[in-house]
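Chain residues, written in single-letter form:
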Amino acid sequence: MLTLFMRLLSRALMLLLVLPLTNSARGLVAKWMGDDSAERQGRITLNPMAHLDLLGSLAIMVCGFGWSKPMPISPTRMKNYKLGVIMVSLTGPVTHFLSAIISYAVFYLMLCSGEIANSWVDFSYYAIVSPAACLMLLLQLFANINVCLGVINILPLPPMDGFYILQQFAGTKFNRWYFKNYRMINQVSMFILLGLFFIGDVTDGLIDPLGWLIGIVDSLLRLTVSWIPHVFG
C-alpha cells in the first residue's frame, strides 16, 4: 500500500514539476532557435495548469505514461529548420534523464548517512517504515518514471521525439510518404506503443523490449552518480 501511494505521488510530482519544466525548456530552445510561438502564447511557464492535458494526466496517474498539451512550436520560423527540430526534440528526453540523475544523486547522498542507510536497509528487508526510507523510495520511483518517459520519448515512432529526430535524416521520399499517410501511420504507431508498454505484463516479463531498454538506460544513468557513496560515504 505504501509503495502504491508513493508511486502515485511520484506521478503527481511528474505532472506538477517535470512536465512544466520539460515543456518550458522546449519553448526556450525553440525561442533560442528563432521561434517565439510558445512565448507569445504564454507556454514558457512553470505553472502546471498551462501544460496539463486532462486525459494525458489521467493516463500518467493510472498507467505511468501519458502526454501534456502540445507545445506551439513552428519549425518554419527557426533559423535552421533541421537543427531546430532536432534540438527541440532532444530537450524532452534530456530533461527527463537529468531529472532522474538528480533524483538518484539525492538518493545516493542520503545513503552516505549511516543512520539513513540503515533505515533504508530495514525498510527493504523488514518493511520498517521511516520518513527517510519513504523519501528514498519516492526518489527511486520518481527517477524510474522519468527514465520511462525519457525512453518512450526517444523511440523512433510518431509522435515521439525520436521519430522527429530520425525524420530530419530521412530523405524527401520518406517524408512525402509519411505526410501522405500521416493519420494511418500515427494510429498504427499508437497501437505499437501500447503493445510495447503492456506486452511485458501479458508475457510475465518473458518478452519486454521496452522494459529491457528502460532497464539499460536506468542502469547507465545510475552509473553517473553511483560514485557518490564511495566519495562522501
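Residues numbered from 1 in each chain as written. Predicted model: local features only at pLDDT ≥ 70, side-chain atom pairs only at ≥ 80, totals over all residues. Heavy atoms only, no water.

(A) Spatial organisation of the side chain of Ser68. Looking at where Ser68 falls in the secondary structure, it is placed in the loop between helix H3 (54-63) and helix H4 (81-111). Within the structure, Ser68 has its side chain in polar contact with the side chain of Asn23 (distance 3.0 Å). Excluding anything up to four places from it in sequence, Ser68 contacts Leu19, Asn23, His51 and Asp53. (Helix = DSSP H or I, 4+ residues; strand = E, 2+ residues; numbered from the N terminus. Polar contact = N/O pair within 3.5 Å; in protein donor to acceptor, adjacent residues only side chain to side chain. Contact = heavy atoms within 4.5 Å.)

(B) Representation of the pattern of salt bridges within the structure. Under the counting rule described, the total for this entry stands at six salt bridges. Across the salt bridge formed by Asp36 and Arg40, the nearest N and O atoms sit 3.1 Å from each other. For Arg40, a relative accessible area of 54% corresponds to the exposed category. Here Arg222 makes a salt bridge to Asp218, at a shortest N to O gap of 3.3 Å. (Salt bridge = Lys/Arg side-chain N within 4 Å of Asp/Glu carboxyl O. Buried < 20%, exposed > 50% of the residue type's maximum accessible area, 1.4 Å probe, protein only.)

(C) Spatial organisation of the nonpolar core. Of all hydrophobic cores here, the largest spans 43 residues; its most connected members are Trp120, Val147, Val151, Ile152 and Leu210. For this core, the secondary-structure elements that each account for two or more residues are helix H1 (2-32), H4, helix H5 (114-126), helix H6 (131-153), helix H9 (182-202) and helix H10 (209-223). Of the residues forming this core, the biggest block, 16 residues, is contributed by H6. In this structure, Val29, Ala30, Met33 and Val88 belong to the second largest nonpolar core, which totals five residues. (Core = buried A, V, L, I, M, F, W, Y, C linked by side-chain atoms within 4.5 Å.)

(D) Representation of the environment of Leu21. Mapped onto the elements of the fold, Leu21 is located in helix H1. Its relative accessible area of 41% is what places Leu21 among the partly exposed residues. For the pair formed by Leu21 and Leu46, sequence separation is 25 residues and the distance between their alpha carbons is 6.0 Å. Each residue touching Leu21, except ones within four places of it in the same chain, is listed here: Leu46 and Thr95.

(E) Quick peek at unusual backbone geometry. Omega for the bond connecting Pro158 with Pro159 falls within 30 degrees of zero, at 5°, which places this linkage in the cis form. Structurally, the position occupied by Pro159 is in the loop between H6 and helix H7 (161-167). Positive phi outside glycine occurs at Asp204, with the angle close to 55°. Structurally, Asp204 can be placed in the loop between H9 and H10.

(F) Main features of the environment of Trp212. Take Trp212: it is sitting in helix H10. Once the C-alpha coordinates of Trp212 and Gly200 are considered, the two residues, 12 residues apart in sequence, prove to be 9.6 Å apart. Once residues lying within four places of it in the same chain are set aside, the contact partners of Trp212 are Gly205, Leu206 and Ile207.

Take it as geometry only, folks, not as evidence of what the structure does.
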